[in-house]
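For reference, the chains in residue letters:
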Amino acid sequence: MSASSQDAVNALEIQGASVALASQGSGPPVLFLHGNPDTKETWAEVMAALSDAPLRCLAPDLPGFGASSPDPGPQTLERFAAWTAELATALCGEESVHLVVHDVGGFYGLPFAASWPERVASLTILNTLFWPDYRWHAFARAWRTPLVGELVMACANRWVFVNEVRRGSRGFPREVAEAAYTRVTPAARRTVLRLYRALDPAVFDPWEPRLLAASAQVPTRVIWGERDPYIPARFAERFGTELVERLPGVGHWPMVERPALVAERIAQAAGVSRGPA
């Protein structure tokens, strides 16, 4: 995304750590929370497609990813919810946000929505999980294992990273994956190990009914790449909404493979039109 259409804000501090943020436009706020091993740049094409919509797009680097500092506190869903709440207040005051989450961004955004549904104007969910009966995929199981996880991270060179990302989403452009690799810092690798080791699927058990109660109050839609090798497509139906759009042939990163479609659905959720009327 060009500098003319996106402004970088780097002076934000949340929970005692700095947060890098990309922002664009004005209007109702849309908060994008990325996954692993991503940064705010994952949303660049979606934000570009929304550049003609009257929306204020806000995409932070999550703690420890990209240019944001690691979180010094415990890795818990309660803390992630509080981080998202503090960020939303710092950026938007009392205004509710249109929330968009993907992958581990769901660990931050979904407990926030479950805790404060009145602060969420709409919820758009892409390929994430929140369920105690989920079994971690092979890489996550390795990351969760002491020493093994460190070895796997040490072996994740450019070739391994790029090819694994493109296995996760076959339509993920190689040049975009190459650029993403340059943003995977040592701090991000440590954050991934810490994050996955803290989040046994059982931690989601008490949160599941709270999220379903929130999705009954908040307009919620799911956009799901059906060829996701990490999260089975059956989980797309678990978020308490009938607005589930399955994308055949699309993998784990719908926002990269189908940015125009994702942008259109976000604009619809926000109730705005893209481009001149």
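See above for the structure.
Residues numbered from 1 in each chain as written. Predicted model: local features only at pLDDT ≥ 70, side-chain atom pairs only at ≥ 80, totals over all residues. Heavy atoms only, no water.

## Here we look at empty space enclosed by the protein
Taken as a whole and judged by the stated rule, the model has 1 cavity of 30 Å³ or more. Here the largest cavity is characterised by a volume of approximately 30 Å³. Surrounding the largest cavity, P63, P70, D71, Q75, Y108, T191 and R194 form its lining. Residues belonging to the lining of the largest cavity are distributed by class as follows: 3 nonpolar, 2 polar and 2 charged. (1 Å grid on protein atoms, 1.4 Å probe; cavity = no way out; pocket = protein on both sides within 12 Å on 5 of 7 lines; lining within 4 Å. Points joined across faces, edges and corners; volume = space filled by probe spheres on them. Nonpolar A, V, L, I, M, F, W, Y, C, P; charged D, E, K, R; others polar.)

## Overview of the pattern of salt bridges
The tally for this structure, following the rule as stated, stands at 11 salt bridges. Of the charged contacts, one joins E150 and R197 as a salt bridge, the two residues approaching to 2.8 Å between their closest N and O atoms. Of this pair, E150 sits in helix α5 (residues 148-155) while R197 sits in helix α8 (residues 186-198), and the two are 47 residues apart along the sequence. On the accessibility criterion, R197 (30% relative accessible area) is partly exposed. Residue R238 is joined to E208 by a salt bridge in which the shortest nitrogen-to-oxygen separation is 3.6 Å. Linking R238 in the loop between β7 (220-225) and β8 (244-247) with E208 in helix α9 (residues 208-217), this pair joins segments that are 30 residues apart in sequence. Given the relative accessible area of 19%, E208 is considered buried. Shared partners join several salt bridges into a network, and the residues in it are D133, E208 and R238. (Salt bridge = Lys/Arg side-chain N within 4 Å of Asp/Glu carboxyl O. Helix = DSSP H or I, 4+ residues; strand = E, 2+ residues; numbered from the N terminus. Buried < 20%, exposed > 50% of the residue type's maximum accessible area, 1.4 Å probe, protein only.)

## Description of the packing of aromatic side chains
Enumeration according to the criterion identifies 18 aromatic pairs in this entry. Judged by centre distance (6.4 Å) and plane angle (85°), the rings of Y230 and W253 are edge-to-face. Of this pair, Y230 sits in the loop between β7 and β8 while W253 is found in the loop between β8 and α10 (254-257), placing the two residues 23 residues apart along the sequence. Neither residue differs from the other here; Y230 and W253 are each classed as buried. Through pairs of rings, three or more aromatic residues link up here, namely F107, F130, W131, Y134, W136, F139, W143, Y196, F204, W224, F235 and F239. Across the ring face of W207, the terminal group of R210 is positioned such that the distance to the ring centre comes to 4.2 Å. Positioned above the aromatic ring of W131, the side-chain terminus of R238 is 4.9 Å from the ring centre. (Phe/Tyr/Trp six-rings, centres within 6.5 Å; stacked < 30°, edge-to-face > 60°. Lys NZ or Arg CZ within 6 Å of the ring centre and 35° of its normal.)

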